[in-house]
Amino acid sequence: MCWRLSAVFVSALLASLRSATADSYALSDDKGLGRDFDGIGGLSGGGATSRLLVNYPEPYRSQILDYLFKPNFGASLHILKVEIGGDGQTTDGTEPSHMHYQDDENYFRGYEWWLMKEAKKRNPDIVLIGLPWSFPGWLGHGKDWPYDFPDVTADYVVKWIIGAKKYHDLHIQYVGIWNERNFDVKYIKLLRYTLDKSGLEEVRIIASDNLWEPIAQSLLLDPELSGAVDVIGAHYPGTNTVPQALKTLKKLWSSEDYSTFNDDDGAGCWARILNQNYVNGHMTSTISWNLVASYYEELPFGRCGLMTAQEPWSGNYVVSHPIWITAHTTQFTQPGWTYLQTVGHLAKGGSYVALTDGKGNLTVVIETMTHDHSVCIRPPLPAFNLTSQTATFNLQGSFASIKELQVWRSQFNFKTQKPSFFEKLTAVKLVNGSFTLDLAEDEVYTLTTITTGTKGSYADPPPSARFPKAYKDNFNAQDPPFSEASNFADQTGVFEYFLNTSDPGPHVFTMRQVVTQRPVTWTADADQTVSVIGDFQWKNMTVTCDVFMENVKNGGVFIAARVSKGGQDVRRAKGVFFWVFANGTYSVTSDIGGQTVLTQGKSGTEAFTWYSLSLTVQGQKASGMLNGKLLWTSSVKPDPPNGWAAIGTASFELAQFDNFAVVAE
């Protein structure tokens, strides 16, 4: 006897057999819901991580911003956290304070104001957070600690929040408190008092924006402190929290996380922690350091952003895959949604979360990242096993009536090296409130009732190109949109456009180093100020610049080539440094600290006079010119063989620079 089975029957039979071998998971609100979801964000700062973004020409700058902030387009971020600049080195550079000095206030320095406004322009509902890493030196009163006078520090931070609203119409919703050594209870209470006194009761405090302890235990023991703090923020928590933090009943956030090279393994790290920060640690927000890798790649933590935009001179940028991993959550949820209690780990590795808006919508995000393809830069990731699996999800409670879910998938495909990210698949039809998925290794799925998801795109940006070998800047910027000159990256000190009204000659518009006291540091600033520029691979070059010292007693300035270090490593920078001093001498050193002197002598230089310096480095020979005349020649060490060009000062002092130029081979 011959049997002909209908295609429908065969399909149903196979589905039944597949479902029978699958592990089953319930998604239900029958027993209530979990914690409120507070959003996914990116962090600009800590420090100077968006430095090069502002210099991009249009339309590329707007395209980058769209990939980050535009709803239903790219990362569609819910949160933007920015550094409250404090004039100090905070990882990859310095960001200017709104109060360099105690009697100084300026709410237009830097680029974070601009970035927040661009984010708001694209998403009016984006949540804004400010956090200081360093502080101007006057707040420390001679100490490297900002909390000996907590009322003064609280006033300083609140002025930044008020300035954001007054001058930029930006409403800061959260302010963080962070110091790696400790947190100051008196300061937290005074900050809450100062906020309330200033009519900013709605601004919430994140503490300690670093570690779970000792802040969690302190909140349990001190009711007044508990009343001041709304969120416990942890940095790089490894997806775990601590019992004391849970007992506080506060919101728990991973307020800085990721910090990982943005290749596909970095995207795998991001996929894993976005889910497991809640599954393991009950964290309802995860914020990426950093937002966009828009700083010279050879600085510390190069390309550790959600995307890369480090070539404003070419217009090239890269929409890295962490952007699309972010979209799996952000495009189908919003702050104010709620996690289901029914979240957890998959039987053969991986995790799933589910969220609802309370109005019938449901979003489920599933990740199956293997250990070796999801290691973050920190903390160490314990070993675990993950294999391919079949999973059936049963929708129960108020979700039982859902008939169809939209499906988005990312496949890393490490073996074939043919990844596919944020691909929209055919919607899945639910049978008796259930759906079944065959989950391979290293995949991310979103299943959702939300139908507005989009994989946004633009035409390819221009091709990548090296920094121009011939570059000059006369700093003649009338009414500049930003306080820093294009492509210079301040590593210690702050270099700003300056209108020199006291000089009627050619040096009316200059760049001025303005920090006159060592900041209250977060990391290791140099004892000298320095701003780098150019191509780190440059070997042979000529750097020229006009310089003007304003410190009669101890003034000193330099130009440099082959500068080897920046960021938090700037104190160890080597290269060729050509210094002139207000006492009439010059020096050539192979390090920024001036410890290894190659040659030195008389220069006749003094303060409040303009001089033209020129430094040529060719192989293991170097020479320097003063006002067009040869001043010195010297042999130089072969190490470092390459590096940036730079300008700077011998200490935290006022000095001006003009007519910068570099020609590299």
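- In the nomenclature of an unreviewed UniProt entry, the chain corresponds to Galactocerebrosidase from the organism Oryzias javanicus.
- On record in UniProt, under Subcellular location (unreviewed entry), the comment for the chain is "Lysosome".
- The record held by UniProt for the chain lists under Sequence similarities (unreviewed entry) the comment "Belongs to the glycosyl hydrolase 59 family."

## Digging into helix H3 (residues 112-122)
- In terms of burial, H3 is a largely internal element, eight of the eleven residues being buried.
- Turning to H3, its buried residues number three or more, namely Glu112, Trp113, Trp114, Leu115, Met116, Glu118, Ala119 and Arg122.
- For H3, the elements touching its buried residues are strand S3 (39-44), helix H2 (60-69), strand S4 (79-84), strand S5 (127-132) and helix H4 (150-168).

## Re the environment of tyrosine 317
- Inspection of the secondary structure puts tyrosine 317 in strand S12 (residues 316-318).
- Accessibility expressed as a relative area gives 5% for tyrosine 317, which makes it buried.
- What tyrosine 317 contacts, discounting residues up to four positions off in sequence, is Tyr56, Tyr60, Gln63, Ile64, Tyr67, Met307, Thr308, Ala309, Tyr458 and Pro461.
- Of note is the side chain of tyrosine 317, whose polar atom sits 2.6 Å from the side chain of glutamine 63.

## Quick notes on the packing of aromatic side chains
- In this structure the tally under the stated criterion is 46 aromatic pairs.
- Consider the rings of tyrosine 107 and tryptophan 113, whose centres lie 6.2 Å apart with planes at 70°: the pair is edge-to-face.
- You can call tyrosine 107 buried: its relative accessible area is 5%.
- Taking the relative accessible area as the measure of exposure, tryptophan 113 reaches 5% and is therefore buried.

## Re the UniProt feature "domain: Glycosyl hydrolase family 59 central" (unreviewed entry) in the chain
- Sites flagged by UniProt as "domain: Glycosyl hydrolase family 59 central" (unreviewed entry) map to residues 339-453.
- With 0% helix and 46% strand, residues 339-453 has end C-alpha atoms that lie 20 Å from one another.

## Examining the sheet that holds strand S26 (residues 529-533)
- A sheet is described by the order of its strands in space; here seven strands give the open sequence S23-S26-S35-S28-S29-S30-S31, paired in antiparallel fashion. One side of each edge strand has no neighbouring strand; the edge strands of this open sheet are strand S23 (489-492) and strand S31 (597-602). The average undirected angle you get between the axes of adjacent strands in this sheet is 20°.

## Overview of the nonpolar core
- If you look at the biggest cluster of nonpolar residues, it comprises 101 residues, and the most contacted ones within it are Phe69, Leu80 and Leu191.
- By residue number, the principal contributor to this core is helix H9 (residues 264-281), which donates eight residues.
- Apart from residues lying up to four places away in sequence, leucine 191 is in contact with Ala154, Val157, Val158, Val175, Ile177 and Ile205.

## Section: unusual backbone geometry
- Here the residue pair alanine 207 and serine 208 is connected by a cis peptide bond, since its omega of -5° sits within 30 degrees of zero.
- With respect to the helices and strands, serine 208 occurs in strand S7 (residues 204-210).
- Look at the link from arginine 378 to proline 379: it is a cis peptide, with omega at -10°.
- On the secondary structure map, proline 379 appears in the loop between strand S16 (362-367) and strand S17 (389-395).
- A positive phi angle, close to 50°, is found at asparagine 413, a residue other than glycine.
- With phi around 50°, asparagine 659 is a residue other than glycine that occupies positive phi space.
- Following the sequence through the fold, asparagine 659 ends up in strand S36 (residues 655-664).
- Assessed through its relative accessible area of 33%, asparagine 659 is described here as partly exposed.

Procedures and definitions
The residue count restarts for each chain, going from 1 along the sequence in the order it is written. Local features are withheld for residues below a pLDDT of 70 in this predicted model, meaning they are given only at 70 or higher, and side-chain atom pairs are given and counted only at 80 or more; totals for whole chains, interfaces and linings count all residues. Here the side-chain values reflect all heavy atoms present in the structure, with hydrogen atoms and water set aside. UniProt positions are given in the numbering used here, feature names are shortened, and annotations may be inferred rather than shown by experiment. Using a 1.4 Å probe on the protein chains alone, a residue whose accessible area is under 20% of its type maximum counts as buried, one over 50% counts as exposed, and one in between counts as partly exposed. Think of it this way: any DSSP run of H or I at least four residues long counts as a helix, any run of E at least two long counts as a strand, and we number them from the N terminus. The criterion used for residue contact is that any of the two residues' heavy atoms lie within 4.5 Å. By the criterion applied in these results, polar contacts are pairs of N or O atoms within 3.5 Å in which, for protein atoms, one can donate a hydrogen and the other can accept it, and in which residues neighboring in sequence qualify only through two side-chain atoms. Two aromatic rings from Phe, Tyr or Trp, using only the six-membered ring of Trp, form a pair when their centres are within 6.5 Å; if the ring planes differ by under 30 degrees the pair is stacked, by over 60 it is edge-to-face, and anything between is tilted. DSSP-based pairing: two strands are paired if at least 2 bridges between them are found. To define axes, lines are fitted to C-alpha atoms, for helices over the stretch in contact only, and angles between the resulting N-to-C directions are given on a 0 to 180 degree scale. Note on terminology: a nonpolar core comprises buried Ala, Val, Leu, Ile, Met, Phe, Trp, Tyr and Cys residues joined through side-chain atoms within 4.5 Å.

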